[in-house]
Amino acid sequence: MSKNSEYLIERENKQYEVIIGLEVHAQVTSESKLFSQSSTKFGAEPNTQVSLVDAAFPGMLPVINEFCIEQAIKTGIGLKAKINKKSVFDRKNYFYADLPQGYQISQYKYPIVGEGKVILDMPNGQKEIGIERLHLEQDAGKSIHDIDPNNTLVDLNRSGVALMEIVSKPDLRSPDEVNVYIKKLRSIMRYLGTCDGNMQEGSLRADVNVSVRLKGQTEFGTRCEIKNVNSIKFMQMAIISEANRQIDLLEEGKDIDQETRLFDTKRNETRSMRSKEDAHDYRYFPDPDLLPLEISQELIEKIKSDIPELPDEKKKRFIDKFNLSPYEATILVSDIETSNFFEEVIKNSDVKLATNWITGELFAVLNEKNLEISQSPVSAKNLSKLINLIKDGTISGKIAKTVFEQMIDGDQDPLIIVKEKGLKQESDPKAIEELINKVIENNSDKVAEYKSGKDKLFGFFVGQAMKESKGKGNPQLINKILKEKLNG
Amino acid sequence: MSDITSQSLFELTSNIKEKKLSSGEITKAFIDRAEKSKKLNVYVTDNFEKAIDQSKKFDSNPNFDLKLPGIPIAVKDLFCTNGVRTTAGSKILNNFVPTYESTVTQNLWSQGAILLGKLNCDEFAMGSSNETSFFGNVQNPVGENLVPGGSSGGSSAAVAANLTPVTIGTDTGGSIRQPASFTGTVGLKPTYGSCSRYGIVAFASSLDQAGPMTKNVRDCSMLLEVISSFDQKDSTSIDYKRNNYSKELSKDIKGKKIGIPKEYRVDNMPDEIEQLWKNGISYAKDCGAEIIDISLPHTNYALPTYYIVAPAEASSNLARYDGVKYGFRSPGQNLIEMYEKTRSEGFGDEVKRRIMIGTYVLSSGYYDAYYLKAQKVRQLIKKDFDDAFSKVDAILTPSTPSSAFKIGEKTNNPVSMYLNDIFTVPINLAGLPGISIPAGKDKNNYPLGLQVIGKPFDEQNILNISYALEDKINFKNDISDWWLSE
């Protein structure tokens, strides 16, 4: 990365660098939970998706959901990471009302996935972020404190849902990189179908580790962990606020305490949750109800063979094969739905026009209506028809925009719109000549001015001719014939 | 025909199949005797009414192909039974009624057995005398004010007192074999992974196994055949071919090599235990077995290892009893206070002691010195047995270092109580099958047991050896029915 894009926080004549590491909790896409057969569907009535295992009834035992294991392996492969053939489930012991077992089953010493990496496309080039590990664990339930004035209510629907905790190395250096990292991670998992990345539903959350140091210093400062931040925007706000808090302390000559903090989104500040001294002793030990997890090379190979083309590879293909710019390619591959849409459109239409229309008009509409591309009001099929109408000269780019606006309303077929509204471009030279003659007749004074050297008036004649054609005149033809008439 | 309740399982099933007895008659006989035996305090919860109904139902449409046709059976109150209160001997589960059935008890009912009731036990199976139960101590039918052993003390007493034809217990460090030894009955702890742990209130997951407790070895083989099964609901259950233990039961043990471990000659072992062992050895020789001296060098470390591993697992397994979801709750001003009150009032002293030990040995800074070390020693103990079993087919030891003691005698000295498990604990740590059979009596005429230890999954072999020894020993339990009331 080039110097000018460095994210530094200035204090008088000092510059501080911010060091960030993320522990992302990604909900595994799976019909059922990690150790039980209960549904994981979001939004059900409280405590309707709870098995005896999830509620930790006496004598109930966890049985591993093999699909979740495969999903974790798949994600590991997507992160170019080492898959550990032997891993161990441990118990993380602590008491809380929404933790029915009194422990969370997690992986501590021996995670299922080891070191890997994620490539970020930053404005100034690529940056590699190291992945420390990925492990599987159970989610807890949900404590609800604001319904009953005297009691906390507990919803166990989420209890036991499989999470992948993806731990990055402390390689991130700015809120922008965090933004790109989370989006890239989400993109990879969505390509793989291992996590839907839906932050509103809590499918993706992160603990953010932040420390600061003077620019040029090599050793890390004392870090604080900000727990459970559930949107990219809040992560960025929390990082900025926490980094500044730490720098303020250093500037005052004070020490930073290693502690766990919470981000208060309303006040835009982090506050202490518990200090290192109060840190839980989780008393991890291998869960005696579960044998060590052993994964065969065969299974790894089988999963590998099912891995779809991932964003980095797809981007390279788009650049090489379709001659897209890296910027265009990055945008189009950022989301699997977008790249699928793009590839669907270009099956039958021009790549360059498709790129422009998707990243331009379509994205604008999606943004305006706050829609995902999967909810696009214009289908790939109809968009490719529209592009073909432009390409073969049936309509002009300008008319196409009018047609597109109408297509949005119920995914209408552009061919029908053009036909019904009579928007077909006039490309008959005789007809164009006729209407140009009319324009020249009606504006003889302007013709005289033009001929006396007022070249700028050419645009006026084009406009008049276009108006005469009700916008349907082929602009190239109008230009050509006008020039012949006026200059001839 | 002898009195119904004194018949063995084998006799009862034969009599039912030959239509000499009905399930209703048998069930009623056991209930009648139970009504007169309240002094023993074996039942925490009875299921008499339903049992009568079920026995009538069986008689109206009997299926004699089943292995336990219409046989009423009481089980240790550690097995979750659908619709019948399951307490694990604890106040904290005093009001708990499961909506599900443990796999092992389901196996009983699937073979035609009928639930008589739930038998007293030490709280969460933690104890060697049944004195830690919230529901009071159990009297050993062998003699008044004598403990029946533990933790399956209600079970051993019920079998010895003819209150159930057979029963099932659980054994984490000796909880089947020691009470069997104290009551002159037979108790078998199967290989870890033989019997499903699904639906059994957990004490120490890596050690817990359910097993049969019976009047004799043949009944033991019959019951093991029913309860041992592979179960996908228990990830530590092992899928292997189980024998038809009762069908393959044989007294022919000629040429079997039986190991005698020198490390089991512990200090201060009573002479009568030493004599019992010698007798067992000579009986085995009489049966044609070859006796081989062996060494299990890490035996000394078994008890301390056990008292790290078992409490560690227990401290975590018992965290779920927090007053939030089911069972006993003592209200508090906030969550922490509710936890503290619920668990302080809901658990007894022995359980709390083990939770504290377990929490301590898992704590950061102590984990390596205790838990991790104990796991390593456990591997060494297991290796001792692996080495021994390369030379012998089975191992013969005493079951316990003493006979049954008086109620209250050891309650103030937990360590002397723990020493009761000295011969049984290593077998759990190594995951092996072990059986205790009655083999003699001490000077007070109290029963003493011998333990036969086998290779993993070699239950048939230790059953056969026990069957042969049983025949030679010809033990007769001398029980006077002193507790009966009218």
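Rules used in this analysis
Residues numbered from 1 in each chain as written. Chains lettered and ligands numbered in written order. Predicted model: local features only at pLDDT ≥ 70, side-chain atom pairs only at ≥ 80, totals over all residues. Helix = DSSP H or I, 4+ residues; strand = E, 2+ residues; numbered from the N terminus. Rg over C-alpha atoms; globule rule 2.2 N^0.38 Å. Contact = placed C-beta atoms within 7 Å. Buried ≥ 20, exposed ≤ 12 C-beta atoms within 10 Å, placed from the backbone. Core = buried A, V, L, I, M, F, W, Y, C linked by C-beta atoms within 7 Å. Nonpolar A, V, L, I, M, F, W, Y, C, P; charged D, E, K, R; others polar. Pairing = 2+ DSSP bridges. Axes fitted to C-alpha atoms, helices over the stretch in contact; angles between N-to-C directions. Expected span 1.5 Å × (residues − 1). Arc of directions from axis to C-beta. Parallel < 35°, antiparallel > 145°, perpendicular 65-115°, else oblique. Left-handed = near helix turned anticlockwise from the far one by under 90°. pLDDT = per-residue confidence, 0-100. Domains from an automatic or database assignment.

1. Section: the overall build of chain B
No. 1: Looking only at helices and strands, chain B features 15 helices and 11 strands.
No. 2: Radius of gyration (C-alpha) of chain B: 21 Å, near the 23 Å computed for a compact globule of 486 residues.
No. 3: Seen through its principal axes, chain B has C-alpha atoms that stretch 65 × 55 × 45 Å.
No. 4: Restricting the contact set of chain B to residue pairs at least 6 apart, pairs at least 24 apart contribute 77%.

2. Some remarks on the overall build of chain A
No. 1: Along chain A, the regular secondary structure elements total 15 helices and 16 strands.
No. 2: Based on the C-alpha atoms only, the size of chain A along its principal axes is roughly 95 × 55 × 50 Å.
No. 3: Per-residue burial for chain A yields a buried fraction of 40% across its 488 residues.
No. 4: Sequence-distant contacts in chain A: of pairs separated by 6 or more residues, those separated by 24 or more amount to 68%.

3. Examining the nonpolar core
No. 1: By size, the foremost hydrophobic cluster in this structure holds 136 residues, and its most contacted members are Ile-73, Ile-227 and Ala-394 of chain B.
No. 2: For this core, the element with the highest residue contribution is helix H9 (residues 302-317) of chain B, accounting for 8 residues.
No. 3: Those residues in contact with Ile-227 of chain B that lie beyond four places of it in its chain are Val-104, Asn-107, Leu-108, Ile-168, Cys-195, Ala-210 and Pro-212 of chain B.
No. 4: The next biggest cluster of nonpolar side chains, apart from the first, holds 71 residues, and it includes Tyr-16, Leu-22, Val-24 and Ala-243 of chain A.

4. Focus on the interface of chain A and chain B
No. 1: Residue-level contacts link 26 residues of chain A with 33 residues of chain B.
No. 2: Split by residue class, the side of chain A that touches chain B holds 17 nonpolar, 5 polar and 4 charged.

5. As for the sheet that holds strand E11 (residues 447-454) of chain B
One key point about sheets: their strands pair by backbone hydrogen bonds, in either a parallel or an antiparallel sense.
Residue and element names in this part refer to chain B.
No. 1: Ordered by their spatial adjacency, 8 strands build an open sheet running E4-E6-E5-E10-E11-E9-E7-E8, and the pairing between neighbours is mixed. Edge positions in the open sheet fall to strand E4 (167-171) and strand E8 (290-294), since each of these has one partner strand only. For this sheet, the mean angle separating the axes of adjacent strands, direction not counted, is 30 degrees.
No. 2: Its contacts with the sheet put helix H7 (residues 217-227) on E4, strand E5 (186-189), strand E6 (209-214) and strand E10 (434-441), and the angle it makes with E6 is roughly 145 degrees.

6. Points about helix H4 (residues 103-110) of chain B
Residue and element names in this part refer to chain B.
No. 1: Extensive coverage of H4 is indicated by the burial of 6 of its 8 residues.
No. 2: For H4, the set of buried residues is Thr-103, Val-104, Thr-105, Gln-106, Asn-107 and Leu-108.
No. 3: The first or second residue beyond H4 is Gly-112, which carries a positive phi of 95 degrees.

7. Some thoughts on the sheet that holds strand E4 (residues 90-93) of chain A
Residue and element names in this part refer to chain A.
No. 1: The sheet built from 3 strands is open, its strands ordered E5-E4-E15 with antiparallel pairing. The open sheet has two free edges, formed respectively by strand E5 (103-106) and strand E15 (285-286), since each of these has just one partner strand.
No. 2: The pairing of E4 with E5 spans 4 bridges and is classified as antiparallel. Note that in E5 the partner of Lys-92 across the bridge is Gln-104.

8. Some thoughts on the environment of Val-365 of chain A
Residue and element names in this part refer to chain A.
No. 1: As for its position among the elements, Val-365 is in helix H8 (residues 351-369).
No. 2: Sequence spacing of Val-365 and Pro-377 is 12 residues, and the spatial spacing of their C-alpha atoms is 8.7 Å.
No. 3: With residues up to four places along the chain from it excluded, the contact list for Val-365 reads Pro-377 and Ile-408.

9. Section: helix H11 (residues 349-362) of chain B
All names here are of chain B.
No. 1: Its 14 residues give H11 an end-to-end C-alpha distance of 20 Å, which sits within 8% of 20 Å, the value for a rise of 1.5 Å per residue.
No. 2: Within H11, the full set of buried residues consists of Glu-350, Val-351, Arg-354, Ile-355, Gly-358, Val-361 and Leu-362. Relative to the axis of H11, the buried residues are bounded by an arc of 135 degrees and lie together on one face. Looking at H11, the residues exposed on the side facing more than 90 degrees away from the buried face are Asp-349 and Met-356.

10. Description of the packing of helix H9 (residues 380-391) of chain A against helix H10 (residues 397-407) of chain A
Residues and elements named next belong to chain A.
No. 1: Two elements in contact, H9 and H10, have axes whose closest approach is 10 Å; the angle formed by their N-to-C orientations is 160 degrees. Regarding the angle of H9 to H10, the classification is roughly antiparallel. H9 and H10 meet at a crossing whose hand is right-handed. Contact residues: Asn-382, Leu-386, Leu-389 and Ile-390 in H9; Gly-397, Ala-400, Val-403, Phe-404 and Met-407 in H10.
No. 2: For the contact of H9 with H10, a count of residues per class yields 7 nonpolar, 2 polar and no charged.

11. Re the confidence of the model for chain B
No. 1: Chain-level pLDDT for chain B is 97 on average; 100% of the residues reach the 70-or-more range.
No. 2: At the level of chain-chain contacts, confidence expressed as ipTM amounts to 0.97, with global pTM at 0.91.

12. Some details on the packing of H9 of chain B against helix H12 (residues 368-388) of chain B
All names here are of chain B.
No. 1: Packing of H9 against H12 leaves a shortest axis separation of 9 Å and a crossing angle of 125 degrees. The angle between H9 and H12 places the two elements in the oblique class. In this structure, the crossing between H9 and H12 has a hand that is left-handed. Between H9, through Ala-302, Thr-305, Ile-308, Val-309 and Ala-312, and H12, the contact on the second element is made entirely by Tyr-370, Tyr-371, Ala-374, Val-377, Arg-378 and Ile-381.
No. 2: Residues of the contact of H9 with H12, tallied by class, amount to 9 nonpolar, 1 polar and 1 charged.

13. Details of the domain arrangement of chain A
Residue and element names in this part refer to chain A.
No. 1: For chain A, the assigned domains read domain 1 (10-303), domain 2 (309-420) and domain 3 (429-487).
No. 2: In this structure, domain 1 and domain 2 have C-alpha centres spaced 36 Å apart.
No. 3: Looking at the side of domain 1 that touches domain 2, the elements with two or more residues in it are strand E6 (116-122) and helix H2 (175-192).
No. 4: Considering each element in turn, the side of domain 1 that touches domain 2 owes the most residues, 5 residues, to H2.
No. 5: Taken together, the residues of the side of domain 1 that touches domain 2 break down into 3 nonpolar, 2 polar and 3 charged.

14. Some points on the pairing of E10 of chain B
All names here are of chain B.
No. 1: Burial analysis of E10 places 7 of its 8 residues in the buried class, which makes it a mostly covered element.
No. 2: Pairing between E5 and E10: 3 bridges, direction antiparallel. Residue pairing in the sheet places Leu-188 in a bridge with Ile-435 of E10.
No. 3: Bridge count for E10 against E11 is 7 bridges, and the pairing is antiparallel. Bridge assignment links Ser-436 to a residue of E11, and that residue is Gln-451.
No. 4: Hairpin geometry of E10 and E11 is characterised by an intervening segment of 5 residues between the two adjacent antiparallel strands and by a positive phi of about 75 degrees at Asn-445.

15. Points about the environment of Ala-284 of chain B
All names here are of chain B.
No. 1: Within the fold, Ala-284 resides in helix H8 (residues 271-286).
No. 2: The class of Ala-284 is buried, set by 24 C-beta atoms lying within 10 Å.
No. 3: In sequence terms Ala-284 and Ile-465 are 181 residues apart; their C-alpha atoms lie 8.0 Å from each other.
No. 4: When near neighbours in sequence (up to four residues on either side) are disregarded, Ala-284 contacts Ile-258, Ala-289, Ile-291, Leu-396 and Leu-469.

16. Things to note about unusual backbone geometry
No. 1: Cis geometry marks the peptide bond from Gly-150 of chain B to Ser-151 of chain B; its omega dihedral reads 10 degrees.
No. 2: Note that Ser-151 of chain B resides in the loop between strand E3 (114-119) and helix H5 (153-160).
No. 3: Phi angles above zero are rare outside glycine, and Asn-323 of chain A is one such case at about 65 degrees.
No. 4: Looking at where Asn-323 of chain A falls in the secondary structure, it is placed in the loop between helix H5 (311-322) and helix H6 (326-333).
No. 5: Although it is not a glycine, Asp-411 of chain A sits at a positive phi angle of roughly 50 degrees.
No. 6: Mapped onto the elements of the fold, Asp-411 of chain A is located in the loop between H10 and helix H11 (414-420).
No. 7: Residue classification places Asp-411 of chain A among the partly exposed residues on the basis of 13 C-beta atoms within 10 Å.

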